[in-house]
Amino acid sequence: MTTTPTIAPRDKAEILAQALPYIRKFHGKTMVIKYGGNAMTDPALQADFAEDVVLLKLVGINPVVVHGGGPQIEAALGRLGKKGEFIQGMRVTDEETMEVVEWVLAGEVQQDIVGLIHQAGGKAVGLTGRDGGLIRAKKLKMVDNKDPSIEYDVGQVGDIVSIDPSVVRALQDDAFIPVISPIGFGEENESYNINADVVASKLATVLQAEKLVLLTNTPGVLDKAGNLLTDLTAREIDGLFADGTISGGMLPKISGALDAAKAGVNAVHIIDGRVPHSMLLEILTEQAYGTMIRSH
Ligand SMILES: Nc1ncnc2c1ncn2[C@@H]1O[C@H](COP(=O)(O)OP(=O)(O)O)[C@@H](O)[C@H]1O
Ligand SMILES: CC(=O)N[C@@H](CCC(=O)OP(=O)(O)O)C(=O)O
């Protein structure tokens, strides 16, 4: 349970006034928000998240939500007596796991977020990569990060072939907030499980988003001693990969973030989704949060 500190009216006015330049700067711009499964475990925080998304939309910014759901998939697999296995941050996805992934992501998590946005006064539309031909994918050929001669078979994990953003653009133009599940489809109409960070990063690039904000369950990227790294360049990221500072779910997150930064997304941030309203603080105040990823 989170408690909201009481803010004096004068301070509230100050905060609102401070937001004005950012509202003006970002008016009409697209922001891709990745809402990680680990950041959505507290109902009060989920409601805060939905309010923030609605507020952005109301002040003329175009938020596009891509959601995760790793822990939620894990819980559902557990109820079936299965345990998830990950290789380099990707879930090994057999046929049964793929079914679970589809119903948890598209049936539960996505619809929960859509409902919360409606409760907060916004209009959200849930999509998977199938809708409007949004995300075409093929089977991912995974090789070892350190030794590319080693190959892994991760089953029905998708590698994005192309993104057709027309359905997202049409919804945005109509004042809807798209909420996207990271599921792609292949040439034979087969489904693919795609890491949500990878989808968010690629979508931000294709939409030429102003910002990509990845909400997770750490203060940002941490060094080996647990200190927050506030700013990371491509070269520094290579170093963190090489010395093993980055592992698990942080691997696809940083790779995707870096790809988006290199492809021209102006600002890419990894921030702590467990802090109430962290997304709003990041976008609409001068305060820097979490880790900013730079292309050079
Ligand atoms: N250097 C690092 N700094 C921060 N987190 C890291 C680092 N290396 C690995 N991680 C792990 O990455 C996790 C975030 O990724 P993930 O579990 O996929 O979250 P999400 O559901 O938000 O995508 C962190 O909780 C942490 O366990
Ligand atoms: C291939 C792969 O790993 N897919 C992820 C999709 C969900 C996801 O990415 O959720 P988070 O953002 O909460 O980690 C999975 O099955 O867990």
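What counts as what
Residues numbered from 1 in each chain as written. Chains lettered and ligands numbered in written order. Predicted model: local features only at pLDDT ≥ 70, side-chain atom pairs only at ≥ 80, totals over all residues. Heavy atoms only, no water. UniProt positions renumbered as here; feature names shortened; annotations may be inferred. Near = heavy atom within 4 Å. Polar contact = N/O pair within 3.5 Å; in protein donor to acceptor, adjacent residues only side chain to side chain. Areas by Shrake-Rupley, 256 points an atom, 1.4 Å probe, with all protein chains shown as cover. 1 Å grid on protein atoms, 1.4 Å probe; cavity = no way out; pocket = protein on both sides within 12 Å on 5 of 7 lines; lining within 4 Å. Sits in = over half its atoms within 2 Å of the grid points. Nonpolar A, V, L, I, M, F, W, Y, C, P; charged D, E, K, R; others polar. Points joined across faces, edges and corners; volume = space filled by probe spheres on them. Helix = DSSP H or I, 4+ residues; strand = E, 2+ residues; numbered from the N terminus.

- In the nomenclature of an unreviewed UniProt entry, the protein chain corresponds to Acetylglutamate kinase from the organism Comamonas guangdongensis.
- Database annotation for the protein chain, UniProt heading Catalytic activity (unreviewed entry): "N-acetyl-L-glutamate + ATP = N-acetyl-L-glutamyl 5-phosphate + ADP".

**Section: the site of ligand 2**
Reasoning step 1: Surveying the vicinity of ligand 2 reveals 15 residues, the closest of which are Lys-34, Gly-37, Arg-91, Asn-193 and Ala-196.
Reasoning step 2: Lys-34 places a side-chain nitrogen or oxygen 2.7 Å from an oxygen atom of ligand 2.
Reasoning step 3: Asn-193 is positioned with one of its side-chain polar atoms (N or O) 3.0 Å from an oxygen atom of ligand 2.
Reasoning step 4: With the chains in place, 92% of the 430 Å² that ligand 2 exposes on its own is no longer accessible.
Reasoning step 5: A majority-of-atoms criterion places ligand 2 in the second largest pocket.
Reasoning step 6: Of the residues in the shell around ligand 2, the class split is five nonpolar, eight polar and two charged.

**As for the layout of surface pockets**
Reasoning step 1: If you add up the space inside the second largest pocket, you get close to 590 Å³.
Reasoning step 2: With three residues, helix H3 (residues 70-79) is the single largest residue contributor to the lining of the second largest pocket.
Reasoning step 3: Within the lining of the second largest pocket, the residues separate by chemical class into twelve nonpolar, 13 polar and four charged.

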